[in-house]
Amino acid sequence: MVGSQQYRRWKELVINALIPLVSLGLMAPMLFPVQMEPGTTPRGIDILHYTIVLDIRNFNENEIAGHTDLQILSLRNQLKELNLDLLSMEVDSIWIDEVPVDTYQYDGNRLVIPLKTPLNSGQSVLVSVFYHGKPVRDPFWGGFYFTSDYAYNMGVGMGSEPHPFGRCWYPCIDSFTDRASYDYFITVDSNHTAICPGSLEEIIDHEDHTRTFYWSLNATIPTYLSSVAVGDYVGIFDTLTGVSGKVPVMIYVFPEDRMRAEVVFSDLGQWLDVFESMFGPYRWEKIGFVAVPFRGGAMEHATAVSFSSQALQEDDGSQDLLVHEFAHSWFGNLVTCATSGDMWLNEGWASYCEALYHEAVSGTGAFKQFMRANHLSVLQGVPKIDHNIP
């Protein structure tokens, strides 16, 4: 827990730091014209809800297949077409309100669906897109990954514009600002588990030795926080008490990592206490983490944080990484940046939360030590990155 004196000190620091930023913000319309994400010219629609229905069993070909239902609200009168993002998939058919669409345009990046009857503002339609294919990776970081036993996504594409990368595995509006609720129906082989954001509503066993996991997320999120992970997982389950009541905990790891994971996550209740005392109630329906065979790093998918399984083997730094991702539950997931250029706000606050956590549990000296080490890393690393200094 963070004591009241620490909280007041932190609050003063934040307010003093933000005063010039707030003053600048009042002048923002004059100084900085609003920038749209590349490719996100206003489309006149809002996605209210996604239902993603996928079969993720074809590990030999690294393919997914299924359909996504999109509940779409028109934001303007006489809307004549729907523009969606979908990357490098094969579109099998499209239906609007359960009626097949005869013609549409798809260039491997943008899906344009004409409307037989234009929509007026406030009207909505249900669009179903059936598709299959090999979901792609970003050339730098993120995208959709297959190994021999695991399939999972990392929700941003750091080498792509815009950075949100939901479009690599389902049709969507891929922006930071279009938020929607989700249902996921993921069919896998009987020896696999599928993990997604939200609450696990049902596991449906089928006669063909497959099973479908139904997850439902009532909160709204942008596409980059949506996720799926499929593989041979064991679960670690608990219930924590937050300021607003009980919070379920669901942590999924590789079977061989279970004992180590119980040690690494043993302070999770303390993480919750510290950040709730600073930033207010945890407002998501569960706390969730899932290990993936990623080369390094983590991704703050809402209620289903994906982190490299290697982190469980590290003696130092693994807790900082996981605390950082958990802090995104407030900074990034709950309050989200507007464009790729603003991502430093998400990451900067989450990184600062690592320092605040050290101070909360170990005192001011630990805070200073963490910040000094971070400053040194920046001073040594940034010039090499920016100027390619050897």
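Here's a quick rundown of the structure. For every chain, the first residue of the written sequence is number 1, and numbering continues from 1 along that sequence. Residues qualify for local features only when their pLDDT is at least 70, as the model is predicted, and side-chain atom pairs are given and counted only at 80 or more; totals for whole chains, interfaces and linings, by contrast, use all residues. For side-chain calculations, the full set of non-hydrogen atoms in the structure is used, while hydrogens and water are omitted.

Focus on the packing of helix 6 (residues 343–362) against helix 7 (residues 364–387)
Part 1 of the reasoning: To obtain each axis, a line is fitted to C-alpha atoms, and for helices this fit is confined to the stretch in contact; angles are then taken between N-to-C directions over 0 to 180 degrees. A run of H or I in DSSP becomes a helix once it reaches four residues, and a run of E becomes a strand once it reaches two; helices and strands are each numbered from the N terminus. Between helix 6 and helix 7, the least distance of the axes is 6 Å, while the angle of their chain directions is 150°. Viewed along their axes, helix 6 and helix 7 adopt a mutual orientation that is roughly antiparallel. The handedness of the crossing between helix 6 and helix 7 comes out as right-handed. Note on element contacts: helix 7 touches helix 6 through Thr-364, Ala-366, Phe-367, Phe-370 and Met-371, opposite Ser-351, Tyr-352, Glu-354, Ala-355, Leu-356, His-358, Glu-359 and Ser-362.
Part 2 of the reasoning: For this classification, the nonpolar set comprises Ala, Val, Leu, Ile, Met, Phe, Trp, Tyr, Cys and Pro, the charged set comprises Asp, Glu, Lys and Arg, and every other residue, Gly included, is treated as polar. Residue classes in the contact of helix 6 with helix 7 are distributed as seven nonpolar, four polar and two charged. Working rule for angles: under 35 degrees goes down as roughly parallel, over 145 as roughly antiparallel, 65 to 115 as roughly perpendicular, anything else as oblique. Handedness of each helix crossing follows the sense of rotation of the near helix against the far helix: counterclockwise by less than a right angle gives left-handed, clockwise gives right-handed. Note on definitions: a residue-residue contact is assigned when non-hydrogen atoms from the two residues lie within 4.5 Å.

Brief notes about the packing of aromatic side chains
Given two aromatic rings, their pairing is described by the distance between the two centres and the angle made by the two planes.
Part 1 of the reasoning: Two aromatic rings from Phe, Tyr or Trp, using only the six-membered ring of Trp, form a pair when their centres are within 6.5 Å; if the ring planes differ by under 30 degrees the pair is stacked, by over 60 it is edge-to-face, and anything between is tilted. One pass over the structure, following the stated rule, counts 37 aromatic pairs.
Part 2 of the reasoning: Between Tyr-150 and Tyr-233, the aromatic rings sit 5.3 Å apart at their centres with planes inclined by 75°, giving edge-to-face as the arrangement. Taken together, the residues Tyr-150 in the loop between strand 9 (143–146) and strand 10 (151–154) and Tyr-233 in the loop between strand 15 (229–231) and strand 16 (234–242) connect sequence positions 83 residues apart. Across this residue pair, the class does not change: Tyr-150 and Tyr-233 are buried.
Part 3 of the reasoning: A ring pair is formed by Tyr-152 and Phe-294, whose centres lie 6.5 Å apart and whose planes are at 90°; its orientation type is edge-to-face. In this pair, Tyr-152 sits in strand 10 while Phe-294 sits in the loop between strand 18 (287–292) and strand 19 (298–299), placing the two residues 142 residues apart along the sequence.
Part 4 of the reasoning: Overall, the relative accessible area of 3% leaves Phe-294 in the buried class. The buried label goes to any residue with under 20% of its type's maximum accessible area, the exposed label to any with over 50%, and the partly exposed label to all in between, with areas taken from a 1.4 Å probe on protein chains only.

Some thoughts on the environment of Arg-167
Part 1 of the reasoning: Here Arg-167 shows up in the loop between strand 10 and strand 11 (180–189).
Part 2 of the reasoning: When the C-alpha atoms of Arg-167 and Leu-87 are compared, they prove to be 5.5 Å apart, with 80 residues separating the residues in sequence.
Part 3 of the reasoning: Discounting residues that sit within four places of it in the chain, Arg-167 has contacts with Asp-85, Leu-86, Leu-87, Asn-109, Ser-160, Glu-161, Pro-162, Cys-172 and Asp-174.

Brief notes about the pattern of salt bridges
Part 1 of the reasoning: Throughout this description, the term salt bridge denotes a Lys or Arg side-chain nitrogen within 4 Å of a carboxyl oxygen of Asp or Glu. Per the stated rule, a full pass over the model turns up six salt bridges.
Part 2 of the reasoning: Measuring nitrogen to oxygen at the nearest pair gives 2.9 Å for the salt bridge that ties Asp-85 to Arg-43. Of this pair, Asp-85 sits in strand 3 (residues 79–85) while Arg-43 sits in the loop between helix 2 (28–31) and strand 1 (45–58), placing them 42 residues apart in sequence. Here Asp-85 matches Arg-43 in class, with each residue buried.
Part 3 of the reasoning: In this structure, Glu-262 engages Arg-258 in a salt bridge whose closest nitrogen and oxygen atoms are separated by 3.5 Å. One end of the pair, Glu-262, and the other, Arg-258, are both in helix 3 (residues 258–264), four residues apart, so they sit about a helical turn from each other.

Overview of the sheet that holds strand 7 (residues 110–119)
Part 1 of the reasoning: The pairing criterion for strands is at least two bridges between them, as found by DSSP. Pairing in this open sheet of three strands is antiparallel, and the strands run 3-7-6 from one edge to the other. The open sheet is flanked by strand 3 and strand 6 (105–106), the only strands paired with a single partner.
Part 2 of the reasoning: The pairing of strand 6 with strand 7 spans two bridges and is classified as antiparallel. Bridge pairing links Tyr-106 to Leu-111 in strand 7.

Details of the sheet that holds strand 8 (residues 124–133)
Part 1 of the reasoning: As summarised here, the arrangement of the eight strands in space is 5-4-8-2-1-11-14-13, forming an open sheet in which the pairing is mixed. Taken across any chain shown, the strands that pair with only one partner, and hence form the sheet edges, are strand 5 (99–100) and strand 13 (199–205).
Part 2 of the reasoning: Examined bridge by bridge, strand 13 and strand 14 (residues 210–221) share six bridges and lie antiparallel to one another. Paired with Leu-200 across the bridge in strand 14 is Trp-215.

A word on the environment of Val-156
Part 1 of the reasoning: By secondary structure assignment, the location of Val-156 is in the loop between strand 10 and strand 11.
Part 2 of the reasoning: Sequence-wise, Val-156 and His-301 are 145 residues apart; in three dimensions their C-alpha atoms are separated by 9.9 Å.
Part 3 of the reasoning: When sequence neighbours within four positions are dropped, the list of residues in contact with Val-156 reads Trp-141, Gly-142, Gly-143, His-163, Phe-165, Tyr-224 and Met-299.

Concerning the nonpolar core
Part 1 of the reasoning: Among the nonpolar cores identified, the biggest contains 114 residues, and Phe-275 and Phe-289 are the most heavily contacted of them.
Part 2 of the reasoning: Broken down by element, the residue count for this core peaks at eight residues, all from helix 6.
Part 3 of the reasoning: Among all residues touching Phe-275, those that are not within four sequence positions of it are Gly-280, Val-323, Phe-326, Ala-327, Trp-330, Cys-353 and Tyr-357. Grouping buried Ala, Val, Leu, Ile, Met, Phe, Trp, Tyr and Cys residues that are joined through side-chain atoms within 4.5 Å yields what is termed a nonpolar core.

What about the packing of helix 4 (residues 268–279) against helix 5 (residues 318–327)?
Part 1 of the reasoning: The interhelical angle for the contact between helix 4 and helix 5, taken along N-to-C directions, is 45°, at an axis separation of 11 Å. When the axis of helix 4 is compared with that of helix 5, the two are oblique. Crossing angle aside, the handedness with which helix 4 passes helix 5 is right-handed. For the pair formed by helix 4 and helix 5, the contact residues are Trp-271, Leu-272 and Phe-275 on the first element and Gln-319, Leu-322, Val-323, Phe-326 and Ala-327 on the second.
Part 2 of the reasoning: Partitioning the contact of helix 4 with helix 5 into residue classes produces seven nonpolar, one polar and no charged.

A word on the environment of Ser-216
Part 1 of the reasoning: Mapping Ser-216 onto the fold places it in strand 14.
Part 2 of the reasoning: For the pair Ser-216 and Leu-200, spaced 16 residues apart in sequence, the C-alpha to C-alpha distance is 6.7 Å.
Part 3 of the reasoning: Discounting residues that sit within four places of it in the chain, Ser-216 has contacts with Tyr-182, Asp-183, Pro-197, Gly-198, Ser-199, Glu-201 and Glu-285.
Part 4 of the reasoning: A distance of 2.8 Å separates the side chain of Ser-216 from the side chain of Asp-183, its partner in a polar contact. Nitrogen and oxygen atoms within 3.5 Å of one another constitute a polar contact, given that in protein one can donate a hydrogen and the other can accept it, and given that sequence-neighbouring residues count only through two side-chain atoms.

Describing helix 6
Part 1 of the reasoning: Helix span, expected: 1.5 Å multiplied by one less than the number of residues in the helix. Under the 1.5 Å per step criterion, the end-to-end length of helix 6 is 29 Å for 20 residues, consistent within 8% with the ideal 28 Å.
Part 2 of the reasoning: Backbone geometry just after helix 6 places Gly-363 at a positive phi near 100°.

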